[in-house]
Amino acid sequence: MVFKLDGNINPVGYVLVGAKHCLASDPSTYVLLRHFYVTMNIGDPAKPYFLSVDTGSGLAWLTCAASTGACDTCEKGTHKPYQPAPPSYTLVPCVAPLCDALHQDLDTTKHCTGTDQCDYKLTYADGASTGVLVTEKFSLPMTKAQDDRPRLAFGCGYDQGVGSAGKTTAVDGILGLGQSSVDLVSQLKDLKIITKNVIGHCFSTKGGGYLFFGEDNVPSSDLSWVPMAPRAPETPYHYSAGQATLHWDTESIGAKPMEVILDSGIPYTYFPDVLHSQLVSALKASLSNLSLAEVHDPTLPLCWKGNGPFKSVDDLKKEFKSRMSLNFGQGATMVIPPENYLIVTEQGNTCLGIFGMTGIDVFLIGGITMQDQLVIYDNEKGRLGWTRSLCDSMPISKNMPFSRI
């Protein structure tokens, strides 16, 4: 089951306000960030909605309107908020096993009242989203016509918190693909629509890419595989690739290995402050003999200009030669070339898309570092894999048709 993706990291775009912000020390300074999203057709009749592809959370949800059609505490997305309407829409009862599973995932206690609905609250680093669990028809790219509109559960997010009203965002919600029992992929497996709980995504540096569910499009060779590390209570949805050491070309940065977390829902990558400082020093030293000058750019904190404007990430390869890598041992390495740590801005400059962050002891890998890599989350075998790939070329599935949805 293959889906076309839209969105981009270059040159500049949007991040979902109130959910997956830039985690820089002053997020308000760096707005209009970009991410990758899928178009889902939901309801009867089906309507399109843009959902941010997020492997760092476990529930799919949409901004959801009340019976009046308004959502007073929601950001303004590309489409009108989803408005529940029978007969295709149903509320998930508070006593339903699906509601139990959601609250177990969230590590919260449900409170069943006379309304008999499954209420939830999702908490993010900079806000929250409150809603109810509902089911609705999804139009999916299936080969069997009778199965192409399964009823799936997702969050109807009617309250995005104080200060959200009137803000603009490029998407209508989040497609949570983290380790969860209520994510869409787990539901599709339970319905026997797919046979394996496997997720893959490929983000192109040119914009767009693709996403797939199931094992049909997993390459049989040329993948680097590592075991998934056990889920941590503080990050229950995140996929951890275990520990790795950071290298700049052949030189090690930092002495001890650290955990690597893959989170497609954030546009940039984050290192602990001390390691980030060492990385910046190594990067600047590698540029000492080049025709580049550090320059102020409103996009990100650390930027350079060349003799002429950078027009695409291909131009970066002419000036930036050094590569980073995360070495996991036993032959598994994630190579990070310049196009996976730099962006091109609207001003024709290039900026470092890796931030330092206080209070973390992990490598938090965001969308920029996953570009032009096919990344596989194999929940059946408990492993993560990746390989360099031209993500603007769609895969050909033997069993499932391709779709934009």
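All values reported here derive from a predicted model rather than from experimental measurement.

Summed over all chains, the structure comprises 13 aromatic pairs. For the ring pair Tyr 37 and Phe 50, a centre distance of 4.6 Å and an interplane angle of 35 degrees mean the geometry is tilted. Of this pair, Tyr 37 sits in strand β2 (residues 36-42) while Phe 50 sits in strand β3 (residues 47-54), placing them 13 residues apart in sequence. A single burial state applies to Tyr 37 and to Phe 50, both of which are buried.

UniProt records the feature "active site" (unreviewed entry) for Asp 54 and Asp 263 in the present numbering. Of the residues just listed, which span 210 residues, no C-alpha pair is farther apart than 6.6 Å, and they cluster in one region. Residue position: Asp 54 is located in strand β3. Asp 54 sits in the buried class, given a relative accessible area of 0%. Of the polar contacts made by the side chain of Asp 54, one reaches the backbone nitrogen of Gly 56; its length is 2.9 Å. A distance of 3.4 Å separates the side chain of Asp 263 from the backbone nitrogen of Gly 56, its partner in a polar contact.

Inspection of the secondary structure puts His 103 in helix α1 (residues 97-106). Beyond its immediate stretch of four places on either side in the chain, His 103 contacts Thr 108, Thr 109, Lys 110, Cys 118, Asp 119 and Tyr 120.

One pass over the full model with this rule turns up five disulfides. Paired by a disulfide, Cys 64 and Cys 156 hold their sulfur atoms 1.7 Å apart. Looking down the S-S bond of the Cys 64 and Cys 156 bridge, the torsion is -40 degrees, so its handedness is left-handed. Remark: Cys 156 occurs in strand β8 (residues 151-159) and Cys 64 occurs in the loop between β4 (61-63) and β5 (90-91); sequence separation between them is 92 residues. Just as Cys 64 is buried, Cys 156 falls in that class too. Note on cysteine connectivity: Cys 94 is disulfide-linked to Cys 112, with sulfurs 2.0 Å apart. Residues Cys 94 and Cys 112 share a disulfide whose torsion about the S-S bond is about -85 degrees; that sign makes it left-handed. Linking Cys 94 in the loop between β5 and α1 with Cys 112 in the loop between α1 and β6 (119-124), this pair joins segments that are 18 residues apart in sequence.

Before going further, it helps to spend a moment on the layout of surface pockets. Looking at the second largest pocket, its volume works out to about 290 Å³. Along the wall of the second largest pocket there are 17 residues; nearest its centre are Lys 47, Tyr 49, Pro 81, Tyr 82 and Gln 83. Ranked by the residues each element gives to the lining of the second largest pocket, the list is headed by β3, at three residues. Broken down by class, the residue content of the lining of the second largest pocket amounts to eight nonpolar, five polar and four charged.

Parameters and conventions
- Residues numbered from 1 in each chain as written.
- Predicted model: local features only at pLDDT ≥ 70, side-chain atom pairs only at ≥ 80, totals over all residues.
- Heavy atoms only, no water.
- Phe/Tyr/Trp six-rings, centres within 6.5 Å; stacked < 30°, edge-to-face > 60°.
- Helix = DSSP H or I, 4+ residues; strand = E, 2+ residues; numbered from the N terminus.
- Buried < 20%, exposed > 50% of the residue type's maximum accessible area, 1.4 Å probe, protein only.
- UniProt positions renumbered as here; feature names shortened; annotations may be inferred.
- Polar contact = N/O pair within 3.5 Å; in protein donor to acceptor, adjacent residues only side chain to side chain.
- Contact = heavy atoms within 4.5 Å.
- Disulfide = S-S within 2.5 Å.
- 1 Å grid on protein atoms, 1.4 Å probe; cavity = no way out; pocket = protein on both sides within 12 Å on 5 of 7 lines; lining within 4 Å.
- Points joined across faces, edges and corners; volume = space filled by probe spheres on them.
- Nonpolar A, V, L, I, M, F, W, Y, C, P; charged D, E, K, R; others polar.

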